[in-house]
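Observations on the three-dimensional arrangement
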Amino acid sequence: MNKEGLLIVVSGFSGAGKGTVMKRLIEKYQSYALSISATTRAPREGEVNGREYFFKTVEEFKEMIARDELIEYAQYVNNFYGTPKHYVEEQLKAGRNVILEIEIQGALKIKEKFPDAVLMFIVPPSAKVLKERLIGRGTESLDVVHARLKRAVEEAEGVEAYDYVVVNDDLETCVEDINEIILSEQKKVAKNLTLINNIRDELKCFSKGE
Ligand code: 5GP
């Protein structure tokens with residue numbers, strides 16, 4: 001029997017290293033699938049359409065909303081970002097744990113629509129490390145870095161809505177922490193009722209001497 005996968009939402013301050021952590025997680029374990037979002041943001045150097053994001057014009061993005069093709073969408077620092085529905089549904093049915101790397105407004109919408117979703121917030125070891133990583137990345141103008149730091153302050157306000165906080169200091173440790181959380185989530189009673197009921201039925205038969 002193929003059990004449906006878990007929906008995992010991963011958020012974290014811009015510069016917390018979410019992208020690297022997710023890449024390593026899916027490289028290491030086949031049980032995860034990473035959803036690719038649609039965005040109206042311009043591609044950064046090295047980003048490929050259909051790999052990091054599906055890059056869309058505002059008109060195209062609005063059409064996706066109108067056709068109900070997105071599970072959720074949100075505006076973040078002047079651009080739209082949204083999760084395409086089809087891939088997520090297909091992967092969950094195939095038993096894979098689907099990761100949505102999205103910001104907080106989207107995370108809250110997912111929790112509302114899918115109460116079983118596991119919400120994780122990835123943080124750097126300190127604010128100083130975050131600022132240094134953002135500036136060091138060199139892909140953003142100083143204005144954008146400041147806009148992202150301002151947004152990080154706002155996002156810190158919403159952390160209480162998440163289920164888990166994971167610190168990204170050492171990459172491998174962070175990946176293992178996430179995998180362990182998911183393994184525990186999969187062991188929850190509510191996720192194993194079919195198995196428990198089968199054993200109950202069999203026990204009833206055995207107790208009757210069958
Ligand atoms: P970036 O421009 O740095 O790639 O992403 C900016 C923010 O948008 C990040 O916090 C990222 O997690 C978030 N994001 C990416 N895809 C989606 C999405 O499909 N929905 C929502 N709500 N946020 C997203």
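This report concerns the structure included in the present document. (Residues numbered from 1 in each chain as written. Predicted model: local features only at pLDDT ≥ 70, side-chain atom pairs only at ≥ 80, totals over all residues. Heavy atoms only, no water.)

1. Focus on the sheet that holds strand 6 (residues 79-84)
Spatially, the four strands line up as an open sheet ordered 4-3-6-5, and their pairing is mixed. Looking at which strands have only one partner, the edges of the open sheet turn out to be strand 4 (53-55) and strand 5 (70-76). Direction aside, neighbouring strands of the sheet carry axes that sit 25° apart on average. Here three bridges tie strand 3 (residues 37-39) to strand 4, and the two strands are oriented parallel to one another. By the bridge assignment, Thr39 is partnered in strand 4 with Phe55. Sheet contacts for helix 2 (residues 58-66): strand 3, strand 4, strand 5 and strand 6; angle to strand 5, the most-contacted strand, approximately 140°. (Pairing = 2+ DSSP bridges. Helix = DSSP H or I, 4+ residues; strand = E, 2+ residues; numbered from the N terminus. Axes fitted to C-alpha atoms, helices over the stretch in contact; angles between N-to-C directions. Contact = heavy atoms within 4.5 Å.)

2. Some words on the packing of aromatic side chains
For the coordinates displayed, the defined rule picks out eight aromatic pairs. Here the aromatic rings of Phe61 and Tyr73 are separated by 6.2 Å at their centres, their planes lie at 80°, and the arrangement is edge-to-face. One end of the pair, Phe61, is in helix 2; the other, Tyr73, is in strand 5, and 12 residues separate them in sequence. The structure contains a cluster of three or more aromatic residues connected by ring pairs, namely Tyr53, Phe55, Tyr76 and Tyr81. (Phe/Tyr/Trp six-rings, centres within 6.5 Å; stacked < 30°, edge-to-face > 60°.)

3. Structural notes on the layout of surface pockets
Each pocket or cavity is described by its volume, and for the largest pocket that value is around 1,200 Å³. Contributing elements (two or more residues each) for the lining of the largest pocket: helix 1 (18-28), strand 5, strand 6, helix 5 (127-137) and helix 6 (142-157). The element that contributes the greatest number of residues to the lining of the largest pocket is helix 1, accounting for six residues. Residues belonging to the lining of the largest pocket are distributed by class as follows: 11 nonpolar, 12 polar and 15 charged. Taken as a whole, the second largest pocket holds about 340 Å³ of empty space. Glu4, Gly5, Leu6, Leu7 and Leu92 are, among the 18 residues lining the second largest pocket, the residues nearest its centre. Among the elements that take part in the lining of the second largest pocket, helix 3 (residues 85-93) stands out by supplying five residues, more than any other. Per-class residue counts for the lining of the second largest pocket are seven nonpolar, four polar and seven charged. (1 Å grid on protein atoms, 1.4 Å probe; cavity = no way out; pocket = protein on both sides within 12 Å on 5 of 7 lines; lining within 4 Å. Points joined across faces, edges and corners; volume = space filled by probe spheres on them. Nonpolar A, V, L, I, M, F, W, Y, C, P; charged D, E, K, R; others polar.)

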